[in-house]
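# Observations on the three-dimensional arrangement
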Amino acid sequence: MNWRGTLIALAVVLPLILLFRVGMHRDPRAIPSPLPGRPAPDFALRRMDADTAAGTLPTDTSLVRLEELRGRVVVLNFWASWCLACRDEHAALSAVAEAYRDRGVVFYGVLYNDTPESARRWIEEMGGQSYETLLDPGARTAIDYGLYGVPETFLIDRSGRVAAKQIGPVTEARLSARLDSLLAAAPAEATP
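Below or above, wherever it landed, is the structure these notes cover.

Cut-offs used in this document
For every chain, the first residue of the written sequence is number 1, and numbering continues from 1 along that sequence. Only residues with pLDDT of at least 70 get local features here, since the model is predicted, and only at 80 or more are side-chain atom pairs given and counted; chain-wide, interface and lining totals rely on the full set of residues. By convention in this description, side-chain values take in all heavy atoms of the structure and omit both hydrogens and water. Cysteine sulfurs are considered disulfide-paired once they come within 2.5 Å of each other. Three labels apply to residues, based on accessible area from a 1.4 Å probe with only protein chains included: buried if under 20% of the type maximum, exposed if over 50%, partly exposed otherwise in between. Note on definitions: salt bridges are taken to be side-chain nitrogens of Lys or Arg within 4 Å of carboxyl oxygens of Asp or Glu. Residues grouped as a nonpolar core are buried Ala, Val, Leu, Ile, Met, Phe, Trp, Tyr and Cys residues, joined through side-chain atoms within 4.5 Å. Going along the chain from the N terminus, every DSSP run of H or I of four or more residues is numbered as a helix, and every run of E of two or more is numbered as a strand. The contact criterion used is simple: two residues touch if any of their non-hydrogen atoms lie within 4.5 Å. To pair, rings of Phe, Tyr and Trp, with the six-membered ring standing in for Trp, must have centres within 6.5 Å; the planes then decide the type, stacked if under 30 degrees apart, edge-to-face if over 60, and tilted in the middle. N or O atoms within 3.5 Å of each other form a polar contact, as long as, within protein, one can give a hydrogen and the other can take it, and as long as residues adjacent in sequence are counted only when both atoms are side-chain atoms. Strands pair, by our definition, only if DSSP identifies at least two bridges between them. Axes here refer to lines fitted to C-alpha atoms; in helices the fit is confined to the stretch in contact. Angles between the N-to-C directions go from 0 to 180 degrees.

## Some thoughts on the state of the cysteines
The tally for this structure, following the rule as stated, stands at 1 disulfide. One disulfide bridge connects cysteine 83 with cysteine 86, the sulfur atoms lying 2.4 Å from each other. Where cysteine 83 bonds to cysteine 86 through sulfur, the torsion about that S-S bond is close to 90°, and the disulfide is right-handed. Taken as a pair, cysteine 83 and cysteine 86 share a single burial class, namely buried.

## Concerning the pattern of salt bridges
Side-chain pairing between opposite charges can occur once the charged atoms of the two side chains come close. A full pass over the atoms with the stated rule returns 7 salt bridges. Residues glutamate 68 and arginine 65 are paired through a salt bridge, measuring 3.9 Å at the closest nitrogen-oxygen approach.

## A closer look at the nonpolar core
Counting 33 residues, the largest nonpolar core has Phe43, Leu66, Leu76, Phe78, Tyr145, Val150 and Phe154 as its most contacted members. Counting residues per element, the ones that place at least two in this core are β3 (73–79), β4 (105–111), α3 (116–125), β5 (132–135) and β6 (152–156). Discounting chain neighbours no more than four positions away, the residues touching leucine 76 are Phe43, Tyr108, Val110, Tyr145, Glu152, Thr153, Phe154 and Ile156. By size, the runner-up hydrophobic cluster in this structure holds 16 residues, among which are Leu93, Tyr100, Leu155 and Leu179.

## So, the packing of aromatic side chains
Enumeration over the complete set of coordinates arrives at 5 aromatic pairs. Residues phenylalanine 78 and tyrosine 145 carry aromatic rings whose centres are separated by 5.9 Å and whose planes lie at 50° to one another, so their mutual orientation is tilted. You can see phenylalanine 78 sitting in strand β3 and its partner tyrosine 145 sitting in the loop between α4 (140–144) and β6, a full 67 residues away along the chain. The same class applies to phenylalanine 78 as to tyrosine 145, namely buried. Joined through ring pairs, the aromatic side chains of Phe78, Tyr145 and Phe154 make up one cluster.

## Focus: the side chain of serine 118
Following the sequence through the fold, serine 118 ends up in helix α3. On the basis of relative accessibility, which here comes to 18%, the residue serine 118 falls in the buried class. In terms of polar contacts, serine 118 uses its side chain to reach the side chain of arginine 121, at 3.3 Å.

## Notes on the sheet that holds strand β7 (residues 162–167)
In space, the 7 strands of this open sheet follow the order β2-β1-β5-β4-β3-β6-β7, with mixed pairing throughout. The open sheet has two edge strands with one neighbour each: β2 (63–65) and β7. The average undirected angle you get between the axes of adjacent strands in this sheet is 30°. Where helix α2 (residues 84–100) meets the sheet, its contacts fall on β3, β4 and β6, and the angle it forms with β4 comes to roughly 150°.

By themselves, these figures tell us nothing about what the structure is for.
Right, here's the structure in full:
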């Protein structure tokens, strides 16, 4: 019996078996994000339907600033009109946004790599939307949030920290459960 050959074979095969075993128990869609538990990246984004002429600077009323939303739970949903999965979640997002409107939760869609004209047509085709869409020129906010693609949804707690990140379409039940949990939590003091 050749012990050296057996040991070499074991040294090669055992790590492969362990790698496959670990890999079989992981969700391939689970992409870890460093944001949950950390302060949400700040932004100042223009409302899609704000009355600003092309080439002019946005006014204070046309901008949404995250820092001004402290004390409220914020849902940021990155989407695009060309995104098929965004169609799957649109009705759920609109229904939950409507249901939580008077409970201290604010919803915003953030348009990702798309045009306002396409977005308006898409919203009309989908039967409307119960929350505002914000424009992210150059996808700077998407980059700050570590976006992998659309749709992605971020829940920001009352203190301005990212509480959760959902990659892919959200469901009404899951989003409502997460929002109920955030609303039930005692308001945390804002920490830098």
